[in-house]
Amino acid sequence: MFTIFGKFVLFLQSMLVRRERVAVLWQRTVDEAILIGVDSVFIVAIVSAFIGAVTCVQIAYNLTNPLIPKATIGYMVREMTILELAPTITCIVLAGKVGSSIAGGLGTMRITEQVSALEVMGINSTSYLVFPRMLAAILMFPLLVILAMVLSILGGYLAGTLTGAMAPQDFIEGIREDFVPYNIVFALIKSVVFAFLIAGISSFKGFNTTGGALEVGAASTGAVTNSIIAILIADFVLAAVLL
């Protein structure tokens, strides 16, 4: 384990040696941001909206005590969405989509010797291929998490009002009650850390792929599995340290 961690640290360090020109890195980052962020909007929107809707319906189902105000449902949906559901579940979904894509793409380039061709031309392959992916993930994940927050709360509002579980004004009152702005900051910090872990682990697995097509598939599977485990561990550590 310590050997793999050491290799991972050296892999990240190699991105900062003999970096490409800023213009090249910027163009590569923009291209990767489109693949990582823009192409993930649909799946993030669907997952977050239905998570918010299901959360609202299930909370309303369990809060049957007439002494508990209906506004509590909106409050709980907001807190669960901002603190946990939007950043963590969204990034777990992205670990499957983005992580497997990064690992599969780099793994394919490695076994087809495209990476070796870059190194023969004197280009730092990790800086050219991995660094833009890391930057794009760190830039786009917080934006996707913000989108997930908005759509999840909106999904909860629609589910609660359309099913008759609560009045619209009760839900709005709940999401405005005792709001703590730091929770937004905490969620965005989590998204940046998760983005670093997903992009870094997936790139490491894909970049060190050896063999053929079968090994590329195994690298993609390993990247997703390891990324999700890293997300869950980091989620606990960040909650214990920052809250």
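The name given to the protein chain in an unreviewed UniProt entry is Phospholipid/cholesterol/gamma-HCH transport system permease protein, with the source organism recorded as Hymenobacter caeli.

A few words on the environment of Glu177. Tracing the chain through its elements places Glu177 in the loop between helix 7 (168-176) and helix 8 (182-207). Distance from Glu177 to Phe50, taken between C-alpha atoms, is 23 Å for residues 127 residues apart in sequence. Residues within four places of Glu177 in sequence aside, it is in contact with Ala71, Tyr75 and Arg78.

In this fold, Asp170 is placed in helix 7. Residue classification places Asp170 among the partly exposed positions, given a relative accessible area of 22%. Sequence separation of Asp170 and Gly74 is 96 residues, and the distance between their C-alpha atoms is 7.3 Å. Once you skip the residues sitting within four places of it in the chain, Asp170 turns out to touch Lys70 and Ala71.

This part is about the pattern of salt bridges. Applying the stated criterion across every chain, the model contains five salt bridges. For the salt bridge of Glu32 with Arg28, the shortest nitrogen-to-oxygen distance reads 3.4 Å. Taken together, the positions of Glu32 and Arg28, both in helix 2 (residues 22-36) and four residues apart, correspond to about one turn of that helix. On the basis of relative accessible area, Arg28 is assigned to the buried category, the value being 14%. Put simply, Asp235 and Lys190 hold a salt bridge, and the shortest N to O gap is 2.8 Å. Of this pair, Asp235 sits in helix 9 (residues 213-242) while Lys190 sits in helix 8, and the two are 45 residues apart along the sequence. Exposure class is identical for Asp235 and Lys190. Each is buried.

Now for the UniProt feature "transmembrane region" (unreviewed entry) in the protein chain. Mapped onto the present numbering, the UniProt feature "transmembrane region" (unreviewed entry) falls on residues 35-61, 82-103, 134-159, 180-204 and 224-242. In this annotation, residues 35-61 is assigned 85% helix and 0% strand; the end-to-end C-alpha distance for the span is 39 Å.

Another aspect to go through is unusual backbone geometry. A positive phi angle, close to 65 degrees, is found at Glu113, a residue other than glycine. Examined against the element boundaries, Glu113 turns out to sit in the loop between helix 4 (71-111) and helix 5 (114-120). In this structure Glu113 comes out as exposed when scored by relative accessible area, which is 55%. Phi at Asp178 is positive, roughly 50 degrees, even though this residue is not glycine.

A separate point is the packing of helix 2 against helix 6 (residues 125-162). Two elements in contact, helix 2 and helix 6, have axes separated by 8 Å at closest approach and are oriented at 50 degrees. On the basis of the axis angle, helix 2 is oblique to helix 6. For helix 2 against helix 6, the interelement crossing comes out right-handed. The residue makeup of the contact of helix 2 with helix 6, split by class, is 15 nonpolar, two polar and three charged.

Here we come to the packing of aromatic side chains. Per the counting criterion, the structure on display carries four aromatic pairs. Ring plane angle 70 degrees and centroid distance 5.6 Å describe the contact between Phe11 and Phe204, whose orientation is recorded as edge-to-face. With Phe11 in helix 1 (residues 2-14) and Phe204 in helix 8, the pair connects residues that are 193 residues apart, well separated along the chain. Taken individually, Phe11 and Phe204 each receive the classification buried, so the pair is uniform in this respect.

Quick notes on the rules
- Residues numbered from 1 in each chain as written.
- Predicted model: local features only at pLDDT ≥ 70, side-chain atom pairs only at ≥ 80, totals over all residues.
- Heavy atoms only, no water.
- Helix = DSSP H or I, 4+ residues; strand = E, 2+ residues; numbered from the N terminus.
- Contact = heavy atoms within 4.5 Å.
- Buried < 20%, exposed > 50% of the residue type's maximum accessible area, 1.4 Å probe, protein only.
- Salt bridge = Lys/Arg side-chain N within 4 Å of Asp/Glu carboxyl O.
- UniProt positions renumbered as here; feature names shortened; annotations may be inferred.
- Axes fitted to C-alpha atoms, helices over the stretch in contact; angles between N-to-C directions.
- Parallel < 35°, antiparallel > 145°, perpendicular 65-115°, else oblique.
- Left-handed = near helix turned anticlockwise from the far one by under 90°.
- Nonpolar A, V, L, I, M, F, W, Y, C, P; charged D, E, K, R; others polar.
- Phe/Tyr/Trp six-rings, centres within 6.5 Å; stacked < 30°, edge-to-face > 60°.

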